[in-house]
Amino acid sequence: MAIDCGRYVNPEGVRKQIEGAAIYGHTVALHGRITTTRGAVDQSNFHDYPVTRMNDAPLDVRVHIVEDFVHLRPCGVGEPGVPPYTPALVNAIHDATGKRIRRLPIGDQLKSA
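J.: So what about the nonpolar core? Which residues, and what values?
T.: Residues Ala22, Ala29, Leu30, Tyr85, Leu89, Val90, Ile93, Ile101 and Ile106 constitute the largest nonpolar core, which totals 9 residues. Breaking this core down by element, the ones donating at least two residues are helix H1 (11-31) and helix H2 (85-97). With 4 residues, H2 is the largest single contributor of residues to this core. Setting aside residues up to four positions removed in sequence, Leu30 forms contacts with Pro105, Ile106, Gly107 and Leu110. With 8 residues, the next largest nonpolar core counts Cys5, Tyr8, Val14 and Val77 among its residues.

J.: Could you give an account of the environment of Gln17, naming the residues involved and the relevant values?
T.: Along the polypeptide, Gln17 turns up in helix H1. When the C-alpha positions of Gln17 and Val77 are compared, they lie 7.4 Å apart, and in sequence the two are 60 residues distant.

J.: Run through the environment of Asn10, naming residues and quoting values.
T.: In this fold, Asn10 is placed in the loop between strand E1 (2-3) and H1. Given the relative accessible area of 45%, Asn10 is considered partly exposed. As a C-alpha pair, Asn10 and Pro74 span 64 residues in sequence and 9.9 Å in three-dimensional space.

J.: Explain unusual backbone geometry residue by residue, including any values.
T.: In this chain, Leu104 is followed by Pro105 through a cis amide linkage whose omega measures 0°. Mapped onto the secondary structure, Pro105 falls in the segment after H2.

J.: A description of the packing of H1 against H2 should follow, citing residues and the corresponding values.
T.: In the contact formed by H1 and H2, the axes pass within 9 Å of each other and the chain directions differ by 65°. Taken together, H1 and H2 sit at an angle that is classed as roughly perpendicular. Between H1 and H2 lies a crossing of right-handed hand. Each of Ala22, Gly25, His26, Val28 and Ala29 in H1 lies in contact with H2, whose residues at this interface are Tyr85, Thr86 and Leu89. Each residue belonging to the contact of H1 with H2 can be placed in one class, and the counts come to 5 nonpolar, 3 polar and no charged.

The rules behind the values
- Here the residue numbers are simple positions, counted from 1 along each chain's written sequence.
- Per-residue local features of the predicted model are confined to residues with pLDDT of at least 70, and side-chain atom pairs are confined, for both listing and counting, to 80 or more; whole-chain, interface and lining totals are unaffected and use all residues.
- Calculated side-chain values reflect all of the structure's heavy atoms, with hydrogen atoms and water omitted.
- We define a nonpolar core as any set of buried Ala, Val, Leu, Ile, Met, Phe, Trp, Tyr and Cys residues linked to one another through side-chain atoms lying within 4.5 Å.
- Relative accessibility thresholds used throughout: buried, under 20% of the residue-type maximum; exposed, over 50%; partly exposed, between the two (1.4 Å probe, protein chains only).
- Each helix corresponds to a stretch of at least 4 residues labelled H or I by DSSP, and each strand to a stretch of at least 2 residues labelled E; elements are numbered beginning at the N terminus.
- Only heavy atoms matter for contacts: two residues are in contact if any of them lie within 4.5 Å across the pair.
- The convention used is that axes are lines fitted to C-alpha atoms, helices contributing only their stretch in contact, and that angles between N-to-C directions extend from 0 to 180 degrees.
- Between 65 and 115 degrees an angle is taken as roughly perpendicular, under 35 as roughly parallel, over 145 as roughly antiparallel, and anywhere else as oblique.
- Crossing handedness is read from the near helix: turned anticlockwise from the far helix by less than a right angle, it gives a left-handed crossing, and turned clockwise, a right-handed one.
- When residue character is reported, Ala, Val, Leu, Ile, Met, Phe, Trp, Tyr, Cys and Pro are called nonpolar, Asp, Glu, Lys and Arg charged, and the others, Gly included, polar.

And the structure:
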């Protein structure tokens, strides 16, 4: 993953934030389904909303920090790595298998890939 976050103070903190974003982005891509019943959300915590566990996690997350901050003030990183993760993952699946993922979460669609 690459990030252009402007001026930063702690590059290791930026890396850790983006690595965490990869884990949460993986959760959204593979498991992220929120359901409702009569207007109320059915899931309440991690016991009924699956998250990526160590055996499902990406094995090698590499973070490249763009060095382009000449005139910027330091700021926080937040969660910019989460939204682009799923589109990048489904594009990688297509490149590797030729199968297009058309709905989320990915779930069982991988079995037929």
